[in-house]
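# Inside the fold
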4 protein chains.
Amino acid sequence: MYTYELELKVRDYECDLQGIVNNSVYQNYLEHTRHEFLLENNVSFSDLHNQGIDAVVARVQISYKNSLRPKDTLVSKLYVKKEGVKYVFHQAIFRKSDDKLCIKAKVESVVTQGGKLLSGLPAFDALVDK
Amino acid sequence: MYTYELELKVRDYECDLQGIVNNSVYQNYLEHTRHEFLLENNVSFSDLHNQGIDAVVARVQISYKNSLRPKDTLVSKLYVKKEGVKYVFHQAIFRKSDDKLCIKAKVESVVTQGGKLLSGLPAFDALVDK
Amino acid sequence: MYTYELELKVRDYECDLQGIVNNSVYQNYLEHTRHEFLLENNVSFSDLHNQGIDAVVARVQISYKNSLRPKDTLVSKLYVKKEGVKYVFHQAIFRKSDDKLCIKAKVESVVTQGGKLLSGLPAFDALVDK
Amino acid sequence: MYTYELELKVRDYECDLQGIVNNSVYQNYLEHTRHEFLLENNVSFSDLHNQGIDAVVARVQISYKNSLRPKDTLVSKLYVKKEGVKYVFHQAIFRKSDDKLCIKAKVESVVTQGGKLLSGLPAFDALVDK
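No experiment lies behind these values; they were computed from the predicted model shown.

Moving on, we come to the relation of the copies chain B and chain A. By a simple turn and slide, chain B fits onto chain A: the slide is 0.0 Å along the axis, the RMSD is 0.0 Å, and the turn is 180 degrees. Expressed as an axis order, the relation between the two copies is that of a two-fold axis. Judged by C-alpha distance, B:Gln61 is the residue of chain B that lies nearest the rotation axis, at 2.2 Å. Taken together, the interface assignments show that 100% of the residues at the interface of chain B recur at the interface of chain A, consistent with an identical surface on both copies.

Written as structure tokens, this is what we have:
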């Protein structure tokens, strides 16, 4: 059901004193995956910002299942649904070596222009999973 | 109802190209608040780790309400409840200048020893809000 | 000889798998110290950016002497000299508990406007140590 | 003269409010390049740490030449020399699209075991450029 996936390598500095990837870093992975997904579809988060259009995260839910560690490669997957004005990214990150689920996440974002909420963006609507 | 609060200053490097604090950084603020809360109660996250006891985040929910920006001071608040084996941290971050809610979060954590789930930790139980 | 100092607390997420503050984090501390120093003198890095004026780091030298660890408080100090078009920040970070030197740094920065190098900025010149 | 290179994509969260990759992030790139270089030669920074052997950065010099921006791909290169007890990494990062030099760096590191300075490590000596 996931429509996009990105492979990344854990970087040692992303690990904390417990020797595992720090919780907050998964949000970095999730964001980078969304932005690369957009880029692959010719939509640039930074270009949109320069045009005054900002995609903003409204809500995040992350379930942590298994920790990533130094030397791990991760596979980050997503698909998008639209619910009202929200673009809901369903995301998951797997450890590549054994396909184990590391985290599952739901990221709800909205689009704003000059601070005002938009009902959507055609460029984003085209990426929604139906 | 919050039993602990910590004041922090936004650091410019925490802001991303949108000129606002990046979403993932709030998880840094939330973690630092929990660890300072523990320290104030003579419980050290790093000392526990060195004894083989790890507090691990199992689930995070964050609602983003208002963005923090350069020069902002934030007030980060929490209280803890216990639900089964989970310690549930109810956290919120406010902008100090106008007391506006920036994020609201629920962070569920468990305690493990040598990878095994513990039913709890006396040092943590003493901090739970009744 | 240092003309400004800022006290910060180590945050556990700033520590890496070696259990010490990661090398790159010291650059965060150094930047935050410079920006807080500017702010205390009514110069805002982010406001300057919004006016098209950017202070940009051209060169960094850091000598790492002693590691910071969880629970440490650090004292970050600086003074500024001007050398040609460069503002040279002489910075050092000390561990508060025993006053031990953790790092010593020299950060050379220049000011640009619309990508063009400026010979200086009156607001910065006023802060230079003579 | 560089003996190893690694290609990385800029991640939007690595950019700060100036819209360019933050200065401190280059140290992340540099570290990750060194550690991947070691891994490719069957030396693991994290495994060494677990055996009580730590490679520690003693000194860093970075010259910033051109900024990396969202959507950029970077090519990070290195070679290593030994000077006394120090392993000196000569590193540079180039923008892939036009081969422009972004930063040039010299990173001096030493190896310690239980806090004591070692004169070197055979596994590292084998990687030194002669």
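Picking up where we left off.
Once that is clear, we can look at the side chain of B:Glu14. Inspection of the secondary structure assignment puts B:Glu14 in the loop between strand 1 (4-9) and helix 1 (23-40). Assessed through its relative accessible area of 3%, B:Glu14 is described here as buried. Apart from the residues within four sequence positions on either side, B:Glu14 is in contact with B:Lys9, B:Ile20, B:Val21, B:Asn22, B:Val25, B:Tyr29, C:Arg11 and C:Tyr13.

Our focus in this paragraph is helix 1 (residues 23-40) of chain C. Residue and element names in this part refer to chain C. For helix 1, spanning 18 residues, the distance from its first C-alpha to its last is 27 Å, which sits close to the expected 26 Å at 1.5 Å a residue. Taken across its 18 residues, helix 1 has 16 buried, putting it largely inside the fold. Looking at the residues trailing helix 1, positive phi occurs at Asn-42, about 60 degrees.

Taken together, the 21 residues of chain B in the interface contact 21 residues of chain A. Looking at the side of chain B facing chain A, the largest losses of area belong to B:Leu17, B:Gln18 and B:Gln27, adding up to 25% of the total buried there. At the boundary of chain B with chain A, the tally comes to 0 salt bridges. Our count for the contact surface shared by chain B and chain A stands at 21 residue pairs in polar contact (both at pLDDT 80 or more). Counting only elements with at least two residues in the side of chain B that touches chain A, the list comes to helix 1, helix 2 (45-50) and strand 2 (53-64) of chain B. Broken down by element, the residue count for the side of chain B that touches chain A peaks at 10 residues, all from strand 2 of chain B. Here the side of chain B that touches chain A is composed, by residue class, of 8 nonpolar, 10 polar and 3 charged. Direction of pairing for strand 2 (residues 53-64) of chain A relative to strand 2 of chain B: antiparallel, over a ladder of 5 bridges.

Turning our eyes to something else, we now look at the pattern of salt bridges. Going through the model one piece at a time under the given rule, you end up with 36 salt bridges over all chains. Note that B:Lys71 and C:Asp47 form a salt bridge whose closest N and O atoms lie 2.8 Å from each other. Here the residue B:Lys71 occupies a position in the loop between strand 2 and strand 3 (73-83), and C:Asp47 occupies one in helix 2 (residues 45-50), the pair thus bridging two chains. The exposure class of B:Lys71 is partly exposed, given its relative accessible area of 39%. As a salt-bridge pair, C:Lys86 and C:Glu108 come within 2.6 Å of each other at their nearest N and O atoms. Taken as a pair, C:Lys86 in strand 4 (residues 86-95) and C:Glu108 in strand 5 (residues 101-113) lie far apart in primary sequence, 22 residues in all. What makes C:Glu108 buried here is its relative accessible area of 7%. Here the residues in one salt-bridge network are A:Arg59, A:Lys86 and A:Glu108, joined through shared partners.

A separate point is the pairing of strand 1 (residues 4-9) of chain A. Residues and elements named next belong to chain A. Of the two faces of strand 1, only one is covered, namely that formed by Tyr-4, Leu-6 and Leu-8; the face formed by Glu-5, Glu-7 and Lys-9 stays uncovered. Both strand 1 and strand 3 (residues 73-83) contribute to a ladder of 6 bridges, which runs antiparallel. Pairing of Leu-6 across the sheet is with Ser-76, part of strand 3.

Residue and element names in this part refer to chain C. If you check the backbone angles, Asn-42 has positive phi at about 60 degrees while not being a glycine. A relative accessible area of 75% places Asn-42 in the exposed class. Positive phi, normally seen in glycine, also occurs at Lys-71, with a value near 80 degrees.

This next bit is on the packing of aromatic side chains. The final tally for this structure, using the stated rule, is 20 aromatic pairs over all chains. Ring geometry for B:Tyr26 versus B:Tyr64: centroids 5.6 Å apart, planes at 80 degrees, classification edge-to-face. Here B:Tyr64 lies in strand 2 and B:Tyr26 lies in helix 1, a separation of 38 residues in the sequence. Comparing B:Tyr26 with B:Tyr64 shows no difference in burial state: the two are buried. Residues B:Tyr87 and B:Phe124 carry aromatic rings whose centres are separated by 5.2 Å and whose planes lie at 75 degrees to one another, so their mutual orientation is edge-to-face. Of this pair, B:Tyr87 sits in strand 4 (residues 86-95) while B:Phe124 sits in helix 3 (residues 122-125); the two residues are 37 residues apart in sequence, bridging distant segments of the chain. As far as the burial class goes, B:Tyr87 and B:Phe124 line up, both buried. Taken together, the ring pairs connect A:Tyr26, A:Tyr29 and A:Tyr64 into an aromatic cluster.

Definitions and limits used
- Residues numbered from 1 in each chain as written.
- Chains lettered and ligands numbered in written order.
- Predicted model: local features only at pLDDT ≥ 70, side-chain atom pairs only at ≥ 80, totals over all residues.
- Heavy atoms only, no water.
- Least-squares fit on C-alpha atoms with pLDDT ≥ 70 in both.
- Contact = heavy atoms within 4.5 Å.
- Helix = DSSP H or I, 4+ residues; strand = E, 2+ residues; numbered from the N terminus.
- Buried < 20%, exposed > 50% of the residue type's maximum accessible area, 1.4 Å probe, protein only.
- Expected span 1.5 Å × (residues − 1).
- Buried area = accessible area lost by both parts, 1.4 Å probe.
- Salt bridge = Lys/Arg side-chain N within 4 Å of Asp/Glu carboxyl O.
- Polar contact = N/O pair within 3.5 Å; in protein donor to acceptor, adjacent residues only side chain to side chain.
- Nonpolar A, V, L, I, M, F, W, Y, C, P; charged D, E, K, R; others polar.
- Pairing = 2+ DSSP bridges.
- Phe/Tyr/Trp six-rings, centres within 6.5 Å; stacked < 30°, edge-to-face > 60°.

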